[in-house]
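What follows is the residue order along each chain.
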Amino acid sequence: MSKQKIYWFCQLFGWSLLILVEYLAYVLESGFDPDALYLAIANIFLGITLTHLYRLMIRRWNWVRLPFFTLAPRVLLSVFVLALIMTLVNIPIDRRLFPQYFIEEPWPTIGYLISWGKTMLTWVLSYTTYHYVEENRNAEIERILLKTSIRETEAKVLRSQLNPHFVFNALNSIRALVYENPTNAQQGITQLSNLLRNSLLADRRKTVELREEIKTVEDYLALEKVRYEDRLTSHIELDSRTLFWQVPPMMLQTLVENAIKHGVSTAVGGGFVEVKSSIVTDKLHIIIRNTGVLGNKEASGGFGLANTAQRLELLYGPEAQFQIFQEDDNIVCADITIPAQSEGIFRREKVKSVE
């Protein structure tokens, strides 16, 4: 049933049950009276009408969005007004139909107000509390969705900022080969096209399999090898269990680029870049080691280090970690940790995006 149908069912059933129980008690005490029956039916429709008007009022003025201490006085005043209307309608009729009860009751108005006040208070509190809780729940859901949307937007911005990093260095490497070695230049263009394709896909995907990311790293290293020749050596060693783990696209390529730019390129005799992956206590560990001196992290790593930390936090939460440190006098080490439980989640998201 829809909420609208449930509301009208509760209105009809609740008011009918309340009024008819009182009418049956009167019948058992005084016998059947058609006028009392007509009054009972009239009170059912009057109660439904008044409470429905209250419903329209709080929806029209958005009372359920008010703070509790602002809402409470309005609710109590509404209860009093509703009870007063029911009292003013019923007293003249009851005085004519049941004059015997007014002889024994010196202050009938107070009794009527208390009786109808309890009924209206029960209805108003039930309805207002339900919608107040529901409104707060919906507001919390909206806040969560907004927060998720903001985080997704931040992640997309971070991914898009990665794209230009490798292009200029790769183009410079290929340009140097055009006249000297056209065959290698053609191979370099193929590798660059692979990088560009992966870069474009990075804006559409949250994560990729580690083996796919490593292919991007290999293409990048091949282009840089042309540039640095014997001054650059590289080694990639992957645990076979890690090949299908999900990692942020272009993340490793950016770190490898920083390793070459701020490490190998500044070393007098060149240097090396090493990438290793392993699983330790159900977490993926990726280590990138390179020749270099860390010094100031912001100056050494540029945008890539802060970007990597932010992306890992956005995608995997606080369990994901990224740290970079000086392993010894001439080796810098970057260590990435990705929690295991994220693997299945991002694998499903990838399948949905393909579908």
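Residues numbered from 1 in each chain as written. Predicted model: local features only at pLDDT ≥ 70, side-chain atom pairs only at ≥ 80, totals over all residues. Heavy atoms only, no water.

Re the overall build of the chain
In plain terms, the rule: Helix and strand definitions follow DSSP, with helices as H or I runs of at least four residues and strands as E runs of at least two, each counted in order from the N terminus. Relative accessibility decides the category of a residue: with a 1.4 Å probe and only protein chains considered, values under 20% of the type maximum give buried, values over 50% give exposed, and everything between is partly exposed. Any pair of residues with heavy atoms lying within 4.5 Å of one another is described as a contacting pair. Only the protein chains shown count as covering a residue, and every accessible area follows the Shrake-Rupley method with a 1.4 Å probe.
Looking only at helices and strands, the chain has 12 helices and seven strands in total. Per-residue burial for the chain yields a buried fraction of 42% across its 355 residues. Considering only residue pairs separated by 6 or more positions, the chain has 75% of its internal contacts joining residues 24 or more positions apart. When the accessible surface of the chain is summed, it comes to about 20300 Å², and 62% of that surface belongs to carbon and sulfur atoms.

A closer look at the packing of aromatic side chains
So the rule is basically this: Stacked, tilted and edge-to-face are the three classes assigned to paired rings of Phe, Tyr and Trp, where Trp is represented by its six-membered ring and a pair needs centres within 6.5 Å; plane angles under 30 degrees give stacked, over 60 edge-to-face, the rest tilted.
Overall, the coordinates contain eight aromatic pairs when judged by the stated rule. Note on Tyr-54 and Trp-63: the rings are 6.3 Å apart at their centroids and 80° apart in plane angle, and the pair reads as edge-to-face. For Tyr-54, a relative accessible area of 3% gives the class buried. Judged by relative accessible area, Trp-63 falls into the buried class, the value being 9%. Both rings, one in Trp-123 and one in Tyr-127, keep their centres 5.1 Å apart while their planes meet at 10°; by these two values the pair is stacked.

Here we look at the sheet that holds strand β4 (residues 271-280)
What counts is decided by this rule: Only strands joined by at least two bridges in the DSSP assignment are considered to pair. Under this scheme, a helix contributes an axis fitted over its contacting stretch, all axes are lines through C-alpha atoms, and angles between N-to-C directions fall in the 0 to 180 degree range.
Judged by pairing direction, the sheet is mixed, and its five strands sit side by side in the order β2-β4-β5-β7-β6 without closing on themselves. Each having just a single partner strand, β2 (232-237) and β6 (321-328) make up the two edges of the open sheet. On average, each strand axis in the sheet is inclined to that of its neighbour by 15°, with strand direction left out of account. Note: β4 against strand β5 (residues 283-291), eight bridges, orientation antiparallel. Its bridge partner being in β5, Val-275 is matched across the sheet by Ile-288.

Regarding the pairing of β5
The buried fraction of β5 is high, at seven of nine residues. Where β4 hands over to β5, the hairpin turn is made up of two residues, of which Thr-281 adopts a positive phi near 50°. Here nine bridges tie β5 to strand β7 (residues 331-339), and the two strands are oriented antiparallel to one another. When the bridges of β7 are listed, Ile-288 appears paired with Ala-334.

Describing the pairing of β7
Most of β7 is tucked away: nine of the nine residues are buried. The alternating pattern of β7 places Ile-331, Cys-333, Asp-335, Thr-337 and Pro-339 on one face and Val-332, Ala-334, Ile-336 and Ile-338 on the opposite face, and all of these are buried. Pairing analysis gives seven bridges linking β6 to β7, with the strands arranged antiparallel. Each residue of the ladder has a partner; that of Ile-324, found in β7, is Ala-334. Counted between consecutive antiparallel strands, the loop separating β6 from β7 contains two residues.

A short note on the confidence of the model for the chain
Note the following rule: Values of pLDDT, the confidence the predictor places in each residue, fall between 0 and 100.
Confidence in the prediction for the chain averages 81 pLDDT; 83% of positions are at 70 or higher. Low pLDDT, under 50, characterises residues 298-303; the stretch is placed with 11 contacts to residues that sit more than four places away or in other chains. Note that pLDDT drops below 50 for residues 342-355; the model gives that stretch 17 contacts with residues more than four away or on any other chain.

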